[in-house]
Amino acid sequence: MIKVYFRIVVSAWKNFGFSTTFWGWLLITPLFIAFSHFSLWLDNLFFPKYRECQVKNPIFIVGHPRSGNTFLHKLLTQTDEFLAFKTWQIILPSLTARTLLKPLINYLINNQKSGLVPETVGHSIALDKVEEEEFLFFHKLDTQFVWARSPLGFDDEEHPEFRFHDQQPDSRRKTSIKFFQGCLQRQIYQTGKKQAILQTLQSVHRIKTILETFPDAKFIYLIRSPYETIPSHLSVLWFWLDHQTGVNKIAPDKLKQYFQKRYRYNIDLYRYFDDLQKNGDIPTNNLLVVEYNELRSNLEVAFQKIVDFTGIKPSEGLQIAVQQQAQKQHKYQRKHEVIELEKFDLTNEKIAQDFSFVLEKYGFKREVKN
């Protein structure tokens, strides 16, 4: 982890010089990481019983970004009957830190200062809203988000260690999943909720490691046509970079390289899951594949499949909420712009070629003309 951190700092210097990005990683990040891990250690003194909590039958929502994962995660957790993490709980996984800083968190939420990323970026983030639990791995600097959201994304190197987690040295991958397990135990201890529904998109590359620790885990894999996910995901990254740094402040060649790599990593994510299935690395009883179009056009049927597969017992309130959402699905309009593929030096023909294995497997219609 320390090596990763120093590589990020060096990368920040090489790519951004004496900028706020460099100083943020050099000064603020190590203080935050030190506080986070020290407060997690203090939990063993002040809240030792959290270690007695057992994580049983966790449900992981995985798949390529922009496949409906966030929609499904928020749909299933909206009535607050299942274990999930709000953004502030992901930022502060320690029970000790939460106790100390809860007054500040409440102040920010009550005074409408909880927004961190606006909806126009394509994925809004607010302190009091349920968020992707994949971000918990950021505390170990062991997630693709480290590559995508740090200066490492602009390096010439490939950094495969942030993508293929199952292939990491045992010490690295097992330390990360043990940390994640500890976060779940703390959340169970604090909330009293035992059934976890977690959104960990990029952990497609971590599925074998997850199954080693949670052999009873259930995976809901959402699949959507690459013709839709690729431009949408790259657009979100573009607007996120613009929101955080300003794309005009990034050298054009670095920006181009960033999106070329991201595109290749998107192929890797689809391919890795496909290989897991072909090799039988995910037991069939642990996996449910749900198509995005079914969420859009037949939500109640998709919801019932998920209930039957996972064994969850949804409340009447959740069932009503699903029915209401199903009735207004056709009215949904995205709130962010999707940039044309040409901006990323891509074409529909290129996607048809690179993702032919996905298009053929799920029967997605080819679109070779832009």
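Residues numbered from 1 in each chain as written. Predicted model: local features only at pLDDT ≥ 70, side-chain atom pairs only at ≥ 80, totals over all residues. Heavy atoms only, no water.

Enquirer: Account for the overall build of the protein, with residues named and values stated.
Expert: Secondary structure assignment for the protein yields 15 helices and six strands. A globule of 370 residues ought to have a C-alpha radius of gyration of about 21 Å, and the protein, at 20 Å, matches this closely. Expressed as lengths along the three principal axes of its C-alpha atoms, the size of the protein is roughly 60 × 55 × 45 Å. For the protein, the residues scored as buried account for 55% of the 370 residues in total. For the protein, the accessible area works out to roughly 17500 Å², and carbon and sulfur atoms hold 53% of it. (Helix = DSSP H or I, 4+ residues; strand = E, 2+ residues; numbered from the N terminus. Rg over C-alpha atoms; globule rule 2.2 N^0.38 Å. Buried < 20%, exposed > 50% of the residue type's maximum accessible area, 1.4 Å probe, protein only. Areas by Shrake-Rupley, 256 points an atom, 1.4 Å probe, with all protein chains shown as cover.)

Enquirer: Tell me about the packing of aromatic side chains, and please be specific about residues and values.
Expert: Taken as a whole, this structure holds 26 aromatic pairs when the rule is applied. Measuring from centroid to centroid gives 5.0 Å for Trp147 and Tyr258, while their planes differ by 15°, and the two rings are stacked. Linking Trp147 in helix α6 (residues 144–148) with Tyr258 in helix α10 (residues 252–278), this pair joins segments that are 111 residues apart in sequence. Of the residues examined, Trp147 reaches a relative accessible area of 1% and is grouped as buried. When the ring of Phe164 is compared with that of Tyr272, the centres are 6.3 Å apart and the planes differ by 50°; the resulting orientation is tilted. Of this pair, Phe164 sits in the loop between α6 and α7 (170–191) while Tyr272 sits in helix α10, and the two are 108 residues apart along the sequence. Members of the aromatic cluster, connected to one another through ring pairs, are Phe16, Trp147, Phe154, Trp238, Tyr258, Phe259, Tyr265 and Phe344. The lysine or arginine in question, Arg98, covers the ring of Trp88, its NZ or CZ lying 5.8 Å from the ring centre. If you follow Arg206 out to its NZ or CZ, it ends over the ring of Phe137, 3.5 Å from the centre. (Phe/Tyr/Trp six-rings, centres within 6.5 Å; stacked < 30°, edge-to-face > 60°. Lys NZ or Arg CZ within 6 Å of the ring centre and 35° of its normal.)

Enquirer: Please give an account of helix α12 (residues 299–310) that cites residues and values.
Expert: Here α12 spans 16 Å end to end across twelve residues, near enough to the 16 Å set by a 1.5 Å rise per residue. Buried within α12 are the following residues: Leu299, Ala302, Phe303, Ile306, Val307, Phe309 and Thr310. One face of α12 carries all of its buried residues, which in axial projection span an arc of 170°. Where α12 is buried, its residues meet β1 (59–63), α3 (69–77), β5 (218–223), β6 (287–291), α11 (292–297) and α13 (316–328). Backbone geometry just downstream of α12 places Gly311 in the positive-phi region, at approximately 80°. (Expected span 1.5 Å × (residues − 1). Arc of directions from axis to C-beta. Contact = heavy atoms within 4.5 Å.)

Enquirer: A description of empty space enclosed by the protein should follow, citing residues and the corresponding values.
Expert: Counted under the stated rule, the structure contains one cavity of 30 Å³ or more. In this structure, the largest cavity encloses a volume near 50 Å³. Tyr221, Ile223, Tyr270, Phe273, Asp274, Phe357, Val358, Lys361 and Tyr362 together form the lining of the largest cavity. Taken together, the elements giving at least two residues each to the lining of the largest cavity come down to β5, α10 and α15 (356–362). Per-element accounting of the lining of the largest cavity gives the leading share, four residues, to α15. (1 Å grid on protein atoms, 1.4 Å probe; cavity = no way out; pocket = protein on both sides within 12 Å on 5 of 7 lines; lining within 4 Å. Points joined across faces, edges and corners; volume = space filled by probe spheres on them.)

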